[in-house]
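# Coordinates in review
Read off the chains here:
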Amino acid sequence: MPKPADLRRVAKYIAFVYFTAMAIALTFPGITPFNTLRPFVLGVPFVFTWYVIWILGALLVLTLLHRAYSK
Amino acid sequence: MSDWRIVVAVVVAYLLVILIVGLRAGSKSTDTVAGYVAGDRGFGTTVMYFMTGATMFSAFAFLGGPGWTFSRGAAAFYILAYGVLGVAPFFALGPWAARLGRKHGYVTQASMLAHRFQSRWVAVVAGVISVIAIAPYVALQMRGAGIVFEQVTDGHVPLAAGAAIAYGVVLLYVWHSGVMGVGWTNVLQGVFMIVVAWTLGLYIPYKLYGGIGPMFEQLEALRPEMLTVPGLDAAGNRWTPGAYTSAILVSAIGVWMWPHLFMKAFAAKDDATLRRTVLLFPTFQLFLFPLFLVGFAGIMYASAPDNADAIMPHIVLTSGLPAVVIGLFCAGALAASMSTGDALVHGAASIAVEDVYSGVRKNTMSQHDKRTLIRWLAVGVGILGYAIALDTKLSLVGILLAAYGAVVQLAPPVYAAFLWKRTTAAGVVAGLLVGITVTGILLVKPEWRPFDLHEGLVGLVANVVTMVLVSLATKPPDRDHVLEWYATSRKEQVTQ
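Residues numbered from 1 in each chain as written. Chains lettered and ligands numbered in written order. Predicted model: local features only at pLDDT ≥ 70, side-chain atom pairs only at ≥ 80, totals over all residues.

### Considering the overall build of chain A
For chain A, the count of helices and strands is two helices and zero strands. For chain A, whose C-alpha radius of gyration is 15 Å, the value lies well above the compact-globule estimate of 11 Å for 71 residues. Dimensions along the principal axes, computed over C-alpha positions, put chain A at roughly 45 × 25 × 15 Å. Among the 71 residues that make up chain A, the fraction classed as buried is 28%. (Helix = DSSP H or I, 4+ residues; strand = E, 2+ residues; numbered from the N terminus. Rg over C-alpha atoms; globule rule 2.2 N^0.38 Å. Buried ≥ 20, exposed ≤ 12 C-beta atoms within 10 Å, placed from the backbone.)

What follows is the structure, given as structure tokens:
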């Protein structure tokens, strides 16, 4: 089993990378390749879904971070 | 027409329930400033979660969100982006601030900064900027409540009277119960508005267009420019990428600088509670999704309200829903407005007393007298917000985006307090003053903004540069004090 302190360091690193990527992916110019209507996902234009996906991903990353901190 | 009377009856019943819950909550806190402002630092996860979520999501999201989607299309997606991005740093910062709060007894972020930088002028300047930012935010909430009353009663209750009724209730329970009233009413209002938002967001596209997919297919043929970012500006032309991106950045950096949100760090029971609140935050952000669907549904709707922010109540009222359902919707919208408005009024008054008043005049007041003064100032902030609410021509989202320009100026001192030991009080005060001045000038002179960037972002850069240069040019702070402060913030709690 890895030590709690190591787990925290890894989790913090992942969170940092994820939220930096999120900031780039949701603003200009990073958003440009994803700023399209098609394909629709569950009836919703792609770029709208793109924002929702990143929020769901954030929920996952924060869960991971929280797990690491409650060990 | 008797229908609007049923609606009003449902709304009045709801307001009474909120009032009773809010008033009863106050009997649990002690007669001190910590009891009134930080709930004796004893909130668990459930209350903290709904308190934070309900505080964050307000008339801004509930009416302004659909309003922007309806009038400006995908421009509203900026709100989806900034919430989660802005909250993430609080996972670390929140517990640091909370530990310091427990040890040194802070109840506001300005008092924390004043202690860190050993200067009460830091508290005074930060406190004044906080109150400047909060006043339009309160006004936005009141306008939201007023819009709901006006739309639903078909003008029988005008905007001004509706806002006054809703905020009369808010002031009553804030007066009586302080943050305890805010916490317990928000649990109720948080649950209520989530249910209302999802129900309407899924039902309205289905009822009007046969589903979410068919709705977007029709929109794609008719108004494709509304469906991709950056959407449209207030005049209906394409918004610029610079304005869109800087709106996200300013809001993301500024969001936890809102004193009423930052102060939650001082109200949480322990670090774990605070972290769980941050963790669950994206679930509140998802609640914008159905609200935006309602806004998109409004674009092709047969009729349009005079005011884009009224699109949500407008559709609810004209699509043939039963009066009781309409009443419940209104209560949900009021919940959104009031659950943020109460925390804002309470937060602004606490700052005015704790930081500005106590900073300017030497602190000689008793806890009881302070508590009384906070109450009177809460009424004062309410009246000020009301005056702005009746006057403004901006959209609900537009009001908040402008207020962010002021609140984001608090970010450099807060981050510097935790991360840069060399920061001095003179640097902080100079940075804040330069930042707020630049932002103010560009707010009045939008044509001077480089690349159409948000005025707050330009002010922020000026703020940081000034803070660093002045700090380096002035005498370094007392090393022992700073190290002790750092050690306290980084120390894990033993009991977790």
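### Brief notes about the overall build of chain B
Looking only at helices and strands, chain B features 23 helices and zero strands. Relative to its 496 residues, chain B shows a buried fraction of 61%. Considering only intrachain contacts with a sequence separation of at least 6, the fraction spanning at least 24 residues in chain B is 84%. (Contact = placed C-beta atoms within 7 Å.)

### Side note on the packing of helix H8 (residues 120-152) of chain B against helix H18 (residues 367-391) of chain B
Helices that pack against each other are described as a pair by the angle of their axes relative to one another and the distance between those axes. Residues and elements named next belong to chain B. Contact geometry for H8 and H18: axes closest at 8 Å, N-to-C directions at 65 degrees. As summarised for this structure, H8 and H18 are arranged roughly perpendicular, according to the angle between their axes. Considering how the two elements wind past one another, H8 and H18 form a crossing that is right-handed. Side by side, H8 and H18 meet where Ala135, Pro136, Val138, Ala139, Met142, Arg143 and Gly146 of the first sit next to Val381, Leu384, Gly385, Tyr386, Ile388 and Ala389 of the second. Along the lines of polarity and charge, the residues of the contact of H8 with H18 split into 10 nonpolar, two polar and one charged. (Axes fitted to C-alpha atoms, helices over the stretch in contact; angles between N-to-C directions. Parallel < 35°, antiparallel > 145°, perpendicular 65-115°, else oblique. Left-handed = near helix turned anticlockwise from the far one by under 90°. Nonpolar A, V, L, I, M, F, W, Y, C, P; charged D, E, K, R; others polar.)

### Describing the interface of chain A and chain B
For interface size, the figure often reported is the accessible area lost on association. Between chain A and chain B, the residue contacts involve 28 residues of the former and 31 residues of the latter. Going through the elements one at a time, helix H1 (4-26) and helix H2 (46-70) of chain A are the ones with two or more residues in the side of chain A that touches chain B. Here the element with the most residues in the side of chain A that touches chain B is H2 of chain A; it accounts for 13 residues. Its residues assigned to classes, the side of chain A that touches chain B shows 21 nonpolar, seven polar and no charged.

### Focus on the environment of Pro241 of chain B
Relative to the elements of secondary structure, Pro241 of chain B occurs in helix H11 (residues 241-254). According to the C-beta neighbour criterion, Pro241 of chain B is partly exposed, with 18 such atoms within 10 Å. For the pair Pro241 of chain B and Gly231 of chain B, spaced 10 residues apart in sequence, the C-alpha to C-alpha distance is 9.3 Å. The contact partners of Pro241 of chain B, leaving out residues within four places of it in the chain, are Phe28 of chain A together with Pro230 of chain B.

### Description of H18 of chain B
Over its 25 residues, H18 of chain B runs 36 Å from end to end, which matches the ideal 36 Å to within 8%, given 1.5 Å per residue. Listed as buried for H18 of chain B are Lys370, Ile374, Leu377, Ala378, Val381, Gly382, Gly385 and Ala389 of chain B. (Expected span 1.5 Å × (residues − 1).)

### Looking at the confidence of the model for chain B
Residues and elements named next belong to chain B. Residues with a pLDDT of 70 or more make up 91% of chain B, whose mean pLDDT is 83. Within chain B, the lowest mean pLDDT, 56, falls on helix H2 (residues 33-38), and the highest, 94, falls on helix H22 (residues 455-473). Complex prediction metrics read pTM 0.86 and ipTM 0.92. (pLDDT = per-residue confidence, 0-100.)

### Examining the environment of Thr340 of chain B
All names here are of chain B. Turning to its location among the elements, Thr340 is positioned in helix H17 (residues 323-360). Thr340 sits in the buried class, given 31 other C-beta atoms within 10 Å. Note: C-alpha distance between Thr340 and Gly190 (150 residues apart in sequence) is 10 Å. Sequence-distant contacts of Thr340, defined by excluding residues within four places in its chain, comprise Thr55, Ser58 and Gln141.

### Observations regarding unusual backbone geometry
Backbone torsion omega between Phe28 of chain A and Pro29 of chain A reads 0 degrees, so that peptide bond is classified as cis. Relative to the helices and strands, Pro29 of chain A is located in the loop between H1 and H2. That bond from Val229 of chain B to Pro230 of chain B is cis: its omega, 5 degrees, falls within 30 degrees of zero. Here Pro230 of chain B is to be found in the loop between helix H10 (212-222) and H11. Not every positive phi belongs to a glycine, and Asp154 of chain B is a case in point at roughly 55 degrees. Positionally, Asp154 of chain B belongs in the loop between H8 and helix H9 (159-209).

### Digging into H10 of chain B
Listed in full, the buried residues belonging to H10 of chain B are Ile212, Met215, Phe216 and Leu219 of chain B. Down the axis of H10 of chain B, the smallest arc covering the buried residues is 90 degrees, so these residues share one side. (Arc of directions from axis to C-beta.)

### Observations concerning the packing of helix H6 (residues 90-104) of chain B against helix H23 (residues 479-490) of chain B
Residues and elements named next belong to chain B. The contact between H6 and H23 brings their axes to 7 Å, and the two run at 115 degrees. Accordingly, the angle class assigned to the pair H6 and H23 is roughly perpendicular. Here the hand of the crossing between H6 and H23 comes out right-handed. Every residue of H23 that contacts H6 at Trp96, Arg99, Leu100 and Lys103 is listed here: Trp485, Thr488, Ser489 and Arg490. Of the residues that constitute the contact of H6 with H23, the class distribution is three nonpolar, two polar and three charged.

### Points about the nonpolar core
Of all hydrophobic cores here, the largest spans 202 residues; its most connected members are Tyr78, Leu113, Val122, Ala145, Cys330 and Leu334 of chain B. Residues contacting Leu113 of chain B, with those up to four places away along its chain left out, are Val122, Ala123, Ala126, Pro413, Val414 and Ala417 of chain B. (Core = buried A, V, L, I, M, F, W, Y, C linked by C-beta atoms within 7 Å.)

### So, the environment of Tyr404 of chain B
With respect to the helices and strands, Tyr404 of chain B occurs in helix H19 (residues 396-407). For the pair Tyr404 of chain B and Ile134 of chain B, spaced 270 residues apart in sequence, the C-alpha separation works out to 9.4 Å.

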